[in-house]
Amino acid sequence: MPGTPTPLCTALLIDGELVEGCGPAEPILNPATGETLVRIAEAGVEQVEAAIVAAQRAFAGWARTTPQQRAGVLLEIADALQRQQEQLARLEALNCGKPLHLARQDDLAAAIDVFRFFAGAVRCQTGQLAGEYLPGYTSLVRRDPLGVVASIAPWNYPIMMAAWKIAPALAAGNTLVFKPSEHTPLSILALAPALNALLPPGVLNIVCGGGESVGSHLVSHPAVRMVSLTGDIVTGQKILQAASRTLKRTHLELGGKAPVIVCDDADLEAVVAGVRAYGYYNAGQDCTAACRIYAQAGIHDRLVEELGAAVASLRFAGKRDADNEIGPLITPRQRDRVASFVERALGQPHIERVTGAAVHSGPGFYYQPTLLAGCRQHDEIVQREVFGPVVTVTRFEGLAQAVDWANDSEYGLASSVWTQNLDKAMQVANRLQYGCTWINSHFMLASEMPHGGLKRSGYGKDLSSDSLQDYSVVRHIMARHGEHLE
Ligand code: NAD
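This text gives an overview of the structure that appears in the document. (Residues numbered from 1 in each chain as written. Predicted model: local features only at pLDDT ≥ 70, side-chain atom pairs only at ≥ 80, totals over all residues. Heavy atoms only, no water.)

1. What to know about the side chain of asparagine 324
Stated precisely, the cut-off is as follows: Runs of H or I in DSSP of at least four residues are treated as helices and runs of E of at least two as strands, each being numbered from the N terminus. Any residue under 20% of the maximum accessible area for its type is buried, any over 50% is exposed, and the rest in between are partly exposed; the area is computed with a 1.4 Å probe on protein chains only. The definition of a polar contact used here is a pair of N or O atoms within 3.5 Å, where within protein one atom must be able to donate a hydrogen and the other to accept one, and adjacent residues in sequence count solely through side-chain atom pairs. The contact criterion used throughout is that any non-hydrogen atoms of two residues lie within 4.5 Å.
Following the sequence through the fold, asparagine 324 ends up in the loop between helix H10 (297-312) and helix H11 (332-346). The class for asparagine 324 is buried, based on a relative accessible area of 9%. Within the structure, asparagine 324 has its side chain in polar contact with the backbone nitrogen of alanine 317 (distance 3.4 Å). Dropping the residues within four chain positions of it, asparagine 324 is found in contact with Pro99, His101, Arg315, Phe316, Ala317 and Gly318.

Following this line, the structure appears as structure tokens:
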């Protein structure tokens, strides 16, 4: 890619120092070509330890800063992100294979906004009133930080996930050890020198490495007070088990399998455009992807036909960045996992391939955007998260059936309903057991609004002032002062 930032930053951030890892060096791939971009050494055991100790030491000072002071730093981080925006967008494109224009327009813009939002939000939190709830005693409630937070991120939106995790935790007064995904550390490492210049030593540490090595060390360390994970359900379960030994707080954002209920009276053109965009954005590597369509009988056949044509027109793997709408899967393993889901689905006689369903020939880890019709509720492809460019269509007759099927899932993150009848939309939306339901839309997020799941999608809230609550604890201070003035 012309203008690729070189050399790539490989240093971790530990206690105010930019240092190379002393663990094994792992290759970082460009998923669009399969090439190794660089090798990055994992944090060694003693480096993970040093990062936690530094965060622990820095906590007392950072926790005592005022919201105004922390807001000032967050705004400076947003400015630094903005200054490095082009470099970071290029690194996201390089390390994830994302189209560069989308990394610029979406990932970087969102990450910057998240720091700005939390800078404002921490200065205007609200809560219970102080007062005399027992005669002769005044009670007041404080919201205090927790201590050292270990934040562990996935690979699908590296810089945006870093922002979602770092901004609220710092705003609330915690110190952090942040671990990016072992596949996608490049953007946060490129930002590390700027973060280091803006924050006191130890307040934010960045360590790279695998989940079982560096991640599990963070999770089991007694000085870590909270673990925040965005990742797979199985990873969430492992983290809960490890965290239970020291009774840490956990903030879990796990997978999704978003139902998309399309009623007979939906605006077909809008549905087709919406699913084409939000079922396949980021090659479907998105926990809110519009991937599980329930189409009412009266619209079903037209939807399958028009959506099939629209999905087949998605552009990817082209030479000109501006032409590409989606990128590859992150690793060959992820691509093969997607392929095997589709293969098993097509082994079912009732499932029909409308378009796609093959690994893309040529370099990189691309998989063709795929639409499968005739899927049934209990099919694996309807029940399990694929995390790739694969959307299923299931026909339904009555809305009660669609709501039951939509809710019959171990996931509970995102959902949508498409109809031109607002009464119907509200009735369906109110019955869905998902952290978010969009009406005649899908996928849109706002920094002010909470994002998080129900059921096995986890329970942590990202974005919004709800996230500040997750990263802090309520404390009651009660002062005895008698009842009568002398
Ligand atoms: P993953 O669970 O494999 O990895 C996520 C992070 O956890 C990585 O940094 C990894 O190194 C670390 N990890 C893995 N095992 C660990 C362990 N035993 N202890 C500590 N850390 C460990 O997930 P992924 O493949 O990177 O990302 C894809 C998954 O993330 C999908 O299931 C997707 O739905 C989910 N996701 C959820 C959201 C959300 O907001 N709910 C957002 C993005 C991705």
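That shown, we press on.
2. Comments concerning unusual backbone geometry
With a phi angle near 55°, asparagine 440 is a residue other than glycine that sits in the positive phi range. One non-glycine residue, phenylalanine 443, adopts positive backbone phi at about 85°. Residue classification places phenylalanine 443 among the buried residues on the basis of a relative accessible area of 15%.

3. A closer look at the packing of helix H1 (residues 45-63) against helix H7 (residues 211-220)
This is how it is decided: Under this scheme, a helix contributes an axis fitted over its contacting stretch, all axes are lines through C-alpha atoms, and angles between N-to-C directions fall in the 0 to 180 degree range. Put simply, a crossing is left-handed when the front helix is turned counterclockwise from the back one by less than a right angle, and right-handed when it is turned clockwise. Amino acid classes used here: Ala, Val, Leu, Ile, Met, Phe, Trp, Tyr, Cys and Pro are nonpolar; Asp, Glu, Lys and Arg are charged; the rest, including Gly, are polar.
At a minimum axis separation of 10 Å, H1 and H7 run at an interaxial angle of 35°. Judged by the sense of rotation from one axis to the other, the crossing of H1 with H7 is right-handed. Of H7, the residues touching H1 (which contributes Val45, Val48, Glu49 and Ile52) are Val214, His217 and Leu218. A breakdown of the residues in the contact of H1 with H7 according to their chemical character gives five nonpolar, one polar and one charged.

4. Comments concerning the site of the ligand
As a reminder of what qualifies: Only heavy atoms are used to decide nearness, and a residue is near a molecule or strand if one of them lies within 4 Å of it. Here, Shrake-Rupley sampling with a 1.4 Å probe gives the accessible areas, and only protein chains in the shown set may cover a residue.
The ligand sits among 31 residues. The nearest are Ala153, Glu182, Thr235, Leu254 and Glu385. Between the ligand and the protein, one listed contact pairs an oxygen atom with a backbone N or O atom of glycine 231 at 3.3 Å. Note that an oxygen atom of the ligand is positioned 2.8 Å from one of the backbone N or O atoms of aspartate 232. Notes on the ligand: free accessible area 840 Å², of which the protein chains cover 90%.

5. Description of empty space enclosed by the protein
Counted only if it meets this: Using protein atoms alone on a 1 Å grid, points that fit a 1.4 Å probe yet trap it form a cavity, whereas open point sets bounded by protein on both sides within 12 Å along at least five of seven lines form a pocket; residues with an atom within 4 Å of a point count as lining. Grid points are joined across faces, edges and corners, and a volume is the space filled by probe spheres set on the points.
Within the structure shown, the criterion is met by eight cavities of 30 Å³ or more. Its volume calculated, the largest cavity comes out at about 90 Å³. Forming the walls of the largest cavity are 15 residues, and the residues nearest its centre are Gly284, Ala289, Cys291, Val386 and Phe387. Estimated volume of the second largest cavity: approximately 60 Å³. Every residue along the wall of the second largest cavity is listed here: Glu26, Ile28, Ile40, Ala41, Glu42, Glu182, Pro185, Cys208 and Gly209. Secondary-structure elements contributing two or more residues to the lining of the second largest cavity are strand S3 (25-29) and strand S4 (36-41). Considering only residue class, the lining of the second largest cavity consists of five nonpolar, one polar and three charged.

Everything listed here is a matter of geometry and, on its own, says nothing about what the molecule does.
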